[in-house]
Amino acid sequence: MTMSYAAMLALLLCFTNGKAEEQQADPEDSNFSFMQLLADHGLHDTNDERWNAYGQATYISSWKPAFPAQYTNLNGTPHSLLPEAERSFTGTVTAYFGLKAWQGGEIYLAPEMISELPLSDLKGLGGSIQNFELQKSGSVSATWYKSRFYLKQTFNLGGDNHSVSSGPMQLAGAADSRRLVITGGNLSILDIFDKNSYAADLRQQFLNMAFLTNAAYDFAADARGYSVGLAAEYYFDDWTFRLGRFATPQNPNDLPLDFRLFKYYGDQIELEHRHELFKQPGTVRLLAFRNRERMGRWDEAIAAYQANPAQNAANCTSFNYDSANSSAPDLCWVRKANIKTGIGINLEQQVFDGVGVFLRGMVSDGKTEVYSYTSADRFYRSAP
């Protein structure tokens, strides 16, 4: 299958490179910063901020030619990539607001707008070859929503003191190398877990969602890629330990979240170590997740159909994927509380200034349906 990018335009009003405990950004940086403009006129302190505001806009257009296909929407299953020529686009605008509410307490809000037209409604291969901005719940009409609204509380515990640069979802100031950070509210799991300097902000790095995170990481998120939950991070010099619990959607890849966090949830823990190899920075991260969700198992769906052919995709009246194929099993008949687990590694290493390599790998339970990981995930990774 071929897809050609006809045009891509990214209008970036801000940029921060996402490394923890960063020095203040160089004022000669070629990227425009409204906050730096205020600072240049003595109207803002970018070394110790009480507030900040940033914005970003991205437009991506793609196109695919017509191609021959013998099995489009076979047996009444309307989920194939369509064979005719199609154009796709996404336009997004995000605002990032930060406020220092009290000592160590920071509040962040990020309203976002998206307008989109996916290839074949993100069906079939159309859900795997497109840019990461696309959402299953989007439309050509501009849609505004709250992507993030959360509180972050930092307790400094000593060690070396480092400056933190101003950026989206990050207030400039100082932080100890030994500290405890508690974050709670509406955000993305990937704002905290499984970060990577080279494959994290997909608006400025790799566009394909395959680089968003480990492909086997079924992290708790609604159809847009966000959730509500609580996370804790303990920094001890070059080490960081993280754990968090987040809400899962009520139905697979759907917008409404299930807030019964003691019944259905997504748990994750991560251990990170930062190092230098031949005087070049690098990081090793080990991540494990455990989800408890109302999801179906593939073997149980097949067994249910074999035992009773009436329990097929066409007859399903609960949450399903709109298949009219009466000869196929469907997960809707066997959804119940199930556990999915996975463990992975995330490596990154700078080779020399401006060039680095990274590796991600994960082993996950492939016996249950994918519940949360979607094509809808868009994140700006700020430093902790």
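> Would you mind showing me how to read the overall build of the chain here?
Summing up its helical and strand segments, the chain has 2 helices and 16 strands in all. Taken over 384 residues, the chain has a buried fraction of 49%. For the chain, the exposed area adds up to about 17600 Å²; of that, 60% sits on carbon and sulfur atoms.

> Honestly, the state of the cysteines in this entry has me stumped. Any pointers?
By definition, a disulfide links the sulfur atoms of two cysteines through a covalent bond. Using the criterion set out here, one finds 1 disulfide in the structure. Covalently, cysteine 316 is tied to cysteine 332 through a disulfide, its sulfur atoms 1.8 Å apart. Placement of cysteine 316 in the loop between α2 (298-307) and β15 (336-352) and of cysteine 332 in the loop between α2 and β15 is noted, with a sequence separation of 16 residues between them. Judged by its relative accessible area of 9%, cysteine 316 is buried. Classification of cysteine 332 by relative accessible area gives buried; the value is 9%.

> I tried to follow the confidence of the model for the chain on my own but got confused; where do I start?
Atom-level detail of predicted coordinates should not be read off regions where pLDDT is low. On average, residues of the chain score 84 in pLDDT, and 86% of them reach the 70 mark or higher. Within the chain, the element-level pLDDT minimum falls on strand β1 (residues 4-12), averaging 29, and the maximum on strand β10 (residues 239-246), averaging 98. Throughout residues 1-29 the model reports pLDDT below 50, and contacts reaching past four residues in sequence, or to other chains, amount to 84 contacts.

> Could you clarify how one ought to interpret the pattern of salt bridges in this entry?
A side chain of one charge can pair with a side chain of the opposite charge when the charged atoms of the two come close. In the structure shown here, the tally under the stated rule is 19 salt bridges. Close ionic contact of lysine 340 with aspartate 218 constitutes a salt bridge, the shortest N to O distance being 3.1 Å. Of this pair, lysine 340 sits in strand β15 while aspartate 218 sits in the loop between β8 (178-187) and β9 (227-236), placing them 122 residues apart in sequence. A relative accessible area of 3% places aspartate 218 in the buried class. For glutamate 300, the salt bridge identified is with arginine 297, shortest N-O distance 3.9 Å. Here the residues in one salt-bridge network are Glu233, Arg242, Glu270, Glu272, Arg274, Arg285 and Glu348, joined through shared partners.

> Even after reading the chapter, I still don't get a nonpolar patch on the surface, so can you show me in this structure?
Taken together, the side chains of Phe155, Leu157, Tyr234, Phe236, Trp239, Phe241, Leu243, Ile269, Leu271 and Leu286 present a nonpolar region at the surface, about 910 Å² in accessible area. Secondary-structure elements contributing two or more residues to the nonpolar patch are β9, β10 and β13 (265-277). In terms of residues, the nonpolar patch owes the most to one element, β10, which gives 3 residues. Within the secondary structure, tyrosine 234 sits in strand β9. A relative accessible area of 36% places tyrosine 234 in the partly exposed class.

> Just to check I follow, could you spell out the packing of aromatic side chains for this structure?
All chains considered together, the criterion is met by 5 aromatic pairs. Centre to centre, the rings of tyrosine 108 and tyrosine 150 are 5.4 Å apart; their planes meet at 40°, and the pair counts as tilted. Of the two residues, tyrosine 108 sits in strand β4 (residues 105-117) while tyrosine 150 sits in strand β5 (residues 143-156), which places them 42 residues apart along the sequence. Take tyrosine 108: its relative accessible area is 0%, and that puts it in the buried class. Note on tyrosine 234 and phenylalanine 236: the rings are 6.3 Å apart at their centroids and 40° apart in plane angle, and the pair reads as tilted. Aromatic ring contacts, followed pair by pair, group Tyr217, Phe219 and Phe289 into a single cluster. The residue whose ring lies beneath arginine 179 is tyrosine 235, and the NZ or CZ to ring-centre distance is 3.8 Å. Directly above the aromatic system of tyrosine 265 lies the positively charged group of arginine 245, at a separation of 3.7 Å from the ring centroid.

Calculation notes
- Residues numbered from 1 in each chain as written.
- Predicted model: local features only at pLDDT ≥ 70, side-chain atom pairs only at ≥ 80, totals over all residues.
- Heavy atoms only, no water.
- Helix = DSSP H or I, 4+ residues; strand = E, 2+ residues; numbered from the N terminus.
- Buried < 20%, exposed > 50% of the residue type's maximum accessible area, 1.4 Å probe, protein only.
- Areas by Shrake-Rupley, 256 points an atom, 1.4 Å probe, with all protein chains shown as cover.
- Disulfide = S-S within 2.5 Å.
- pLDDT = per-residue confidence, 0-100.
- Contact = heavy atoms within 4.5 Å.
- Salt bridge = Lys/Arg side-chain N within 4 Å of Asp/Glu carboxyl O.
- Patch = residues over 30% accessible without salt bridge, like charges linked within 9 Å, V, L, I, M, F, W, Y side chains within 5 Å.
- Phe/Tyr/Trp six-rings, centres within 6.5 Å; stacked < 30°, edge-to-face > 60°.
- Lys NZ or Arg CZ within 6 Å of the ring centre and 35° of its normal.

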